[in-house]
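Structural overview
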Amino acid sequence: MAAVSWKEVLLLTGLVVGCYWNSLSCGFVFDDVSAILDNKDLRPTTSLRSLFANDFWGTPMSEERSHKSYRPLTVLTFRLNYLVSELSSASYHLLNVVLHAVVCVLFLRVCRLFLDRASGLVAALLFAVHPIHAEAVTGVVGRAELLSSIFLLAAFLAYARSTSTDHSIVWTPIALTVVLVAAATLCKEQGITVVGICCVHEVFVAQGFTLPMLLDTLVQVLRGKDVFPYALLQTLLKLIVLVISTLLLVIVRVQVIQSQLPVFTRFDNPAAVSPTPTRQLTFNYLLPVNAWLLLNPSELCCDWTMGTIPLVESPRDLRNLATLAFYTVLGLLAFHSLRYKHSSSKTVIMALSLIVLPFIPACNLFFPVGFVVAERVLYVPSMGFCVLVAHGFRIVSHKGHLKKISWLMIGVLLTTHAMKTFNRNWDWESEYTLFTSALKVNKNNAKLWNNVGHALENQNKYEKALRYFLQATRVQPDDIGAHMNVGRTYKNLNKSKEAEDSYLIAKSLMPQIIPGKKYATRVAPNHLNVYINLANLIRANDSRLEEADQLYRQAISMRPDFKQAYISRGELLLKMNKPSEARDAYLRALELDRSNADLWYNLAIVNIEMKEPSEALNNFNQALELNPRHKLALFNSALLMQESGEARFRPEANRRFLVYVEEEPDDANGYFNLGMLAMDAGENAAAERWMRRAIGLQAGFRSALFNLALLYSQSRRELDALPVLDELLAHHPEHVKGLILKGDILMNHRKDTRGAKACFERILRADPGNVQGKHNLCVVYFEERDLPRAARCLEETLAMAPNEEYVRRHLSIVRNKMAAMSAAGEPLGPPAEGAAVPPAAAPGEGESGRRARGKERTEEAVEEEDGRGAAREEKNERKSSAEGVGGVGADQSEPSVSGQQADNKRTKSKSTEEIKDIEKKREAALRRLEEIERILSGD
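Residues numbered from 1 in each chain as written. Predicted model: local features only at pLDDT ≥ 70, side-chain atom pairs only at ≥ 80, totals over all residues. Heavy atoms only, no water.

Regarding helix α17 (residues 431–441), the residues found buried are Glu-431, Leu-434, Phe-435, Thr-436, Ser-437, Ala-438 and Leu-439. Structurally, α17 contributes buried residues whose contacts are with α2 (31–37), α16 (403–427), α18 (446–458) and α19 (462–475). (Buried < 20%, exposed > 50% of the residue type's maximum accessible area, 1.4 Å probe, protein only. Helix = DSSP H or I, 4+ residues; strand = E, 2+ residues; numbered from the N terminus. Contact = heavy atoms within 4.5 Å.)

This part takes up unusual backbone geometry. Here Thr-276 and Pro-277 are connected by a cis peptide whose omega angle stands at 0°. Relative to the helices and strands, Pro-277 is located in the loop between α11 (230–256) and α12 (278–295). A positive phi angle is found at Phe-30, which is not glycine, with a value near 55°. Along the chain, the position of Phe-30 falls in the loop between α1 (6–20) and α2. Despite not being glycine, Glu-86 has its phi angle at roughly 50°, a positive value. Following the sequence through the fold, Glu-86 ends up in the loop between α3 (72–85) and α4 (89–111).

Let us look at the packing of helix α21 (residues 496–508) against helix α22 (residues 529–538). At a minimum axis distance of 10 Å, the contact between α21 and α22 shows a crossing angle of 155°. Comparing their axes, α22 and α21 come out roughly antiparallel. Here α21 and α22 pass one another in a crossing that is left-handed. Each of Ser-496, Ala-499, Glu-500, Tyr-503, Leu-504, Ala-506 and Lys-507 in α21 lies in contact with α22, whose residues at this interface are Val-530, Tyr-531, Asn-533, Leu-534, Leu-537 and Ile-538. Here the residues of the contact of α21 with α22 sort into nine nonpolar, two polar and two charged. (Axes fitted to C-alpha atoms, helices over the stretch in contact; angles between N-to-C directions. Parallel < 35°, antiparallel > 145°, perpendicular 65-115°, else oblique. Left-handed = near helix turned anticlockwise from the far one by under 90°. Nonpolar A, V, L, I, M, F, W, Y, C, P; charged D, E, K, R; others polar.)

Applying the stated rule across the entire model yields 38 salt bridges. Among the salt bridges present, the one from Glu-135 reaches Arg-376, with a minimum N-O distance of 2.7 Å. On the criterion of sequence distance, the pair formed by Glu-135 in helix α6 (residues 134–138) and Arg-376 in the loop between α14 (343–356) and α15 (381–397) is long-range, its members being 241 residues apart. The class for Glu-135 is buried, based on a relative accessible area of 5%. The residue Glu-784 makes a salt bridge to Lys-757 at a minimum N-O spacing of 4.0 Å. Note that Glu-784 is positioned in the loop between α36 (771–783) and α37 (787–800) and Lys-757 in helix α35 (residues 753–766), a separation of 27 residues in sequence. Taking relative accessible area as the criterion, Glu-784 reaches 22% and is therefore assigned partly exposed. Among the charged side chains, a network of salt bridges with common partners joins Glu-8, Arg-112 and Arg-117. (Salt bridge = Lys/Arg side-chain N within 4 Å of Asp/Glu carboxyl O.)

Using the criterion set out here, one finds 16 aromatic pairs in the structure. Where Phe-56 meets Phe-78, the ring centres are 5.9 Å apart and the plane angle is 45°; that geometry is what we call tilted. Here Phe-56 is found in the loop between α2 and α3, whereas its partner Phe-78 is found in helix α3, with 22 residues between them in sequence. Measuring from ring centre to ring centre gives 5.1 Å for Phe-127 and Tyr-379, while their planes differ by 65°; the resulting arrangement is edge-to-face. One end of the pair, Phe-127, is in helix α5 (residues 117–129); the other, Tyr-379, is in the loop between α14 and α15, with 252 residues separating them in the sequence. The burial state of Phe-127 is the same as that of Tyr-379; both residues are buried. An aromatic cluster of three or more residues is present, and its members are Trp-21, Phe-422 and Trp-426. Here the basic side chain of Arg-71 rests over the ring of Phe-56, its NZ or CZ set 4.9 Å away from the ring centre. (Phe/Tyr/Trp six-rings, centres within 6.5 Å; stacked < 30°, edge-to-face > 60°. Lys NZ or Arg CZ within 6 Å of the ring centre and 35° of its normal.)

So this is what it looks like as structure tokens:
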């Protein structure tokens with residue numbers, strides 16, 4: 001076996017880089033979205049064990065909606081990419097290019113086993129540039145093909161060393177082969193087919209048998225005239241070891257998928273559900289279709305499902321001639337390679353084994369698969385095709401007069417293929433470019449029209465997306481998904497009636513329940529989301545909540561393990577004020593998936609609704625154990641700790657809010673709550689910093705502005721509070737507490753009775769029944785020495801609040817003051833304009849009395865010092881998880897909000913500590929009032 005030189009390695013690597021360097025600018029498209037962007041198994045927060053419990057897309061293998069594609073080693077490489085660059089697509093594409101170069105080098109090494117140096121290099125060069133590989137190399141999910149091919153070729157090379165020069169068995173390479181076969185299978189299922197390739201190589205290449213020789217030996221043994229030759233016995237022993245190892249791998253694989261096959265529908269593979277002979281004729285016709293893609297890769301398409309290839313429904317269909325021609329050529333090649341013993345036969349038989357055996361799992365002839373044609377599955381079979389082309393080149397080039405022509409033809413072939421590959425990569429730049437390029441090849445595939453619509457929908461181009469979705473329904477009128485897409489788009493365009501009509505059409509296309517027949521085996525799991533989407537739409541109307549609940553229950557009856565239906569129904573039950581039933585729904589969902597952090601989060605929201613804060617906190621903590629950076633659980637659990645008022649929770653609440661703002665640096669609510677915690681802890685500088693950060697992110701943030709002003713007021717920086725209050729009132733002119741606080745500061749610290757009076761009058765214009773604003777306006781009249789007006793004002797206030805004792809006392813004080821002034825012959829009205837205004841306090845009261853009276857004015861503004869609690873009520877409504885309800889399995893563009901109804905209805909109560917603090921402040925205010933009364937009464 002000739003070695004591969006470093007010059008050949010550089011040539012192959014350079015050619016691969018030249019063809020695929022532009023793939024580095026491509027994003028995540030098509031299946032990459034599910035396998036990379038939506039796959040939690042890539043995140044470091046997910047346990048490595050999950051990689052070996054979930055399928056390729058991150059769905060637990062135990063779930064019926066699982067694709068059953070078990071490729072943990074491939075997912076592990078995605079996870080390594082994520083550790084290096086998170087979701088930067090360039091690194092994923094770069095690694096794919098490197099892996100393709102490795103495959104090319106290994107393939108050249110394999111070619112040297114049965115091709116000469118020149119033709120082996122031609123085969124490797126053709127493989128490096130073949131356009132059919134663009135999907136496997138440029139599509140990130142194609143890495144499964146690349147990794148599986150590396151281990152497949154390595155296993156074959158290892159097995160080729162299992163026979164020593166004296167024809168004895170060398171067991172170490174065989175053991176290594178078994179390990180490499182297992183690794184290839186853990187990258188992609190077709191890796192196991194290398195065992196068949198090794199068997200073919202052992203029998204027809206290593207041992208040099210031909211089919212006539214094997215048949216003759218078998219006949220002699222059966223007649224008892226001969227025994228098995230020693231070489232044949234050795235071959236059988238090696239093959240038995242390989243076959244037993246393969247069977248063990250198959251058994252393990254069956255156990256992993258729990259003896260269940262994935263659910264495919266007629267939309268994925270129409271022929272799979274067609275009657276005889278349509279099914280057989282179509283599946284056999286697909287073989288020459290795949291062969292033609294290898295021969296002439298001029299029209300490539302990312303998706304060949306649905307109506308791309310019309311069914312072959314009759315033996316009279318002319319396309320059957322292509323099937324006949326394919327089998328004729330294949331039979332002639334097989335006959336040639338199995339009958340004769342020369343080197344050409346060995347090359348052809350190995351080429352055919354590379355073409356046929358790896359393609360068997362995808363050929364549909366033995367079991368249906370979820371696609372009609374998939375270019376990526378031709379990655380390994382194309383190796384055999386390249387070997388055949390190179391072998392033909394060797395035969396032609398050895399004829400002197402054709403040598404130059406053959407080299408010229410190979411040069412043209414390599415050049416055109418390289419250019420086609422380079423241009424094909426641009427199609428994978430984005431989903432829009434990929435699917436529009438596919439539509440140029442095939443306009444009869446509704447899935448392509450849907451996918452272009454999805455790409456436009458992701459750009460919020462709903463009107464244009466709708467046109468593509470509607471075209472999908474015209475191309476395939478019975479496509480449930482297309483009608484669902486139309487409904488969702490109408491909903492995004494706020495056309496609820498049209499959306500409901502489209503959902504109802506999709507619902508009418510669903511298979512009907514047949515007694516005794518399992519429903520789930522006849523419908524794609526995502527199609528059941530039509531019930532979820534329709535229910536989510538109609539429950540916006542409070543009069544149709546029961547109707548929505550009926551749809552959720554119908555979905556559950558069709559599939560009792562439909563986790564998404566339980567989640568959505570739990571949300572609806574919260575809206576219907578049935579929290580105990582909502583809890584039961586979430587608990588049922590948790591029985592199906594206890595590793596779902598969003599479910600634990602949703603259950604915590606139910607606990608809050610049921611006034612079970614301890615249980616809520618436990619469930620929030622459970623969600624954070626599963627996903628330590630679950631943003632909504634971080635925020636709401638920290639808020640729950642903060643609202644408890646217990647000092648022991650403050651450090652952890654602070655830590656969670658800090659993690660939250662790392663995850664959501666643009667959410668002002670996180671910084672606001674950090675400021676509230678700092679205020680609770682008396683850390684005024686930190687509180688001011690966090691409040692300023694919140695205001696900077698959200699102009700006019702009402703709660704942050706008011707609490708910052710309150711912080712300044714409590715810190716004896718009242719004049720600093722005024723510009724903050726001005727900003728608050730500029731955005732919220734009727735903010736009562738802000739107006740009261742501003743009036744108090746103007747009155748006590750700026751001696752601006754006119755400005756204070758304007759504040760209180762503005763309150764009363766907006767809310768004539770506001771007792772606090774009315775009372776403080778009365779105090780302004782008192783400060784202006786307009787005692788009759790102050791008395792009338794207090795009488796009106798007392799009529800509004802007859803049970804407020806402090807108002808009654810103040811009225812008594814003013815009346816006593818008026819009586820004393822009348823007895824002394826002093827005028828009771830306000831002083832003439834320009835006259836000096838004496839202090840409103842009695843002689844001898846002094847400045848301290850005026851300060852006390854200023855505090856009296858804010859006796860009910862004690863609630864303002866409590867305004868932190870009020871601000872919390874204004875702004876910190878419980879955040880809810882969209883992901884918890886619109887998770888995997890739902891119509892991906894039809895997400896809903898989990899727990900939001902519970903959040904919006906939740907009434908927040910002040911903590912025990914805050915209540916005690918309020919009572920202390922009220923008692924102090926009352927003592928000050930009594931002191932004022934004594935002073936005024938002694939006047």
